[in-house]
Amino acid sequence: MGFTHFDANGKAFMVDVTEKKETARTAVAVGTIKVNQEVYEAIQNGTVGKGDVLGVAATAGIMGAKKTSDLIPMCHILPITNCRIQFEMDPKESAIHCSCTVKVTGKTGVEMEALTGVTTALLTVYDMCKAMDKSMEIGEIYLKKKTGGKSGDIFNDK
């Protein structure tokens, strides 16, 4: 399959989904932020000076998913029906794993929304903790699962 966002002259355009059927679609993206031990413990204990880091990050992730079409030029505006951000604390790695699940009934998928949501959530953790640790690392962001649509279900169990 070739690139779908370019015309015969190589000019970028938004894909026309007018004739596509609406289907239930889901996407799950994941990512990780590695922090120092002080930050890890402060997040876990709720003692970061800026407040509830994971609560704020979850809200930011949802907002990011909802604003994806404002950030990524060729993304369609989608009526997201559900978005959920979840965190898992990893004491062994001094890391926080994040997942973003986005659902829609629509003509195109929500992969970009899930990726934007997880990235925004992790950036918010960084922003809220940067005074304590400037060496935090965000990474391992990828699409873990996609369901619905013409290409069917895709699973990436990295």
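Residues numbered from 1 in each chain as written. Predicted model: local features only at pLDDT ≥ 70, side-chain atom pairs only at ≥ 80, totals over all residues. Heavy atoms only, no water.

- Named according to an unreviewed UniProt entry, the chain is Cyclic pyranopterin monophosphate synthase originating from Candidatus Anaerostipes excrementavium.
- Here the chain is described in UniProt, under the heading Catalytic activity (unreviewed entry), as follows: "(8S)-3',8-cyclo-7,8-dihydroguanosine 5'-triphosphate = cyclic pyranopterin phosphate + diphosphate".
- Listed in UniProt under the heading Sequence similarities (unreviewed entry), the comment for the chain reads: "Belongs to the MoaC family." (UniProt positions renumbered as here; feature names shortened; annotations may be inferred.)

**As for the UniProt feature "binding site: substrate" (unreviewed entry) in the chain**
Part 1 of the reasoning: When the UniProt feature table is mapped onto this chain, "binding site: substrate" (unreviewed entry) is found at Met74, Cys75, His76, Met112 and Glu113. Spatially, the listed residues are clustered: although they cover 40 residues, their C-alpha atoms lie within 12.4 Å of one another.
Part 2 of the reasoning: Here Met112 shows up in helix α4 (residues 111-129).
Part 3 of the reasoning: On the accessibility criterion, Met112 (34% relative accessible area) is partly exposed.
Part 4 of the reasoning: Once residues lying within four places of it in the same chain are set aside, the contact partners of Met112 are Thr68, Ile72 and Cys75.
Part 5 of the reasoning: Setting aside residues up to four positions removed in sequence, Glu113 forms contacts with Ala65, Thr68, His76, Leu78, Ile80, Cys100 and Val102. (Helix = DSSP H or I, 4+ residues; strand = E, 2+ residues; numbered from the N terminus. Buried < 20%, exposed > 50% of the residue type's maximum accessible area, 1.4 Å probe, protein only. Contact = heavy atoms within 4.5 Å.)

**Here's the deal with unusual backbone geometry**
Part 1 of the reasoning: Even without a glycine there, the phi angle at Ser94 is positive, about 50°.
Part 2 of the reasoning: Note that Ser94 resides in the loop between β2 (82-90) and β3 (95-106).
Part 3 of the reasoning: In this structure, Glu140 takes a positive phi of about 55° despite not being glycine.
Part 4 of the reasoning: Owing to a relative accessible area of 49%, Glu140 belongs among the partly exposed residues under this scheme.

**As for the packing of helix α2 (residues 53-66) against α4**
Part 1 of the reasoning: Running from N to C, α2 and α4 cross one another at 145°; their axes reach a closest spacing of 7 Å. The handedness of the crossing between α2 and α4 comes out as right-handed. From α2, Val53, Leu54, Val56, Ala57, Ala60, Gly61, Gly64 and Ala65 reach across to α4, where they touch Glu113, Thr116, Gly117, Thr120, Ala121, Thr124, Val125, Met128 and Cys129. (Axes fitted to C-alpha atoms, helices over the stretch in contact; angles between N-to-C directions. Left-handed = near helix turned anticlockwise from the far one by under 90°.)

**Some points on the sheet that holds strand β1 (residues 23-34)**
Part 1 of the reasoning: The five strands are arranged β2-β3-β1-β4-β5 in an open sheet whose pairing can be described as antiparallel. Each end of this open sheet is capped by a strand with a single partner; those strands are β2 and β5 (154-155).
Part 2 of the reasoning: Across nine bridges, the pairing between β2 and β3 is antiparallel. Residue Gln86 lies in a different strand from β3, and its bridge partner there is Ser99.
Part 3 of the reasoning: Packed on one face of the sheet, helix α1 (residues 37-45) meets β2 and β3 and runs near 125° to β2. (Pairing = 2+ DSSP bridges.)

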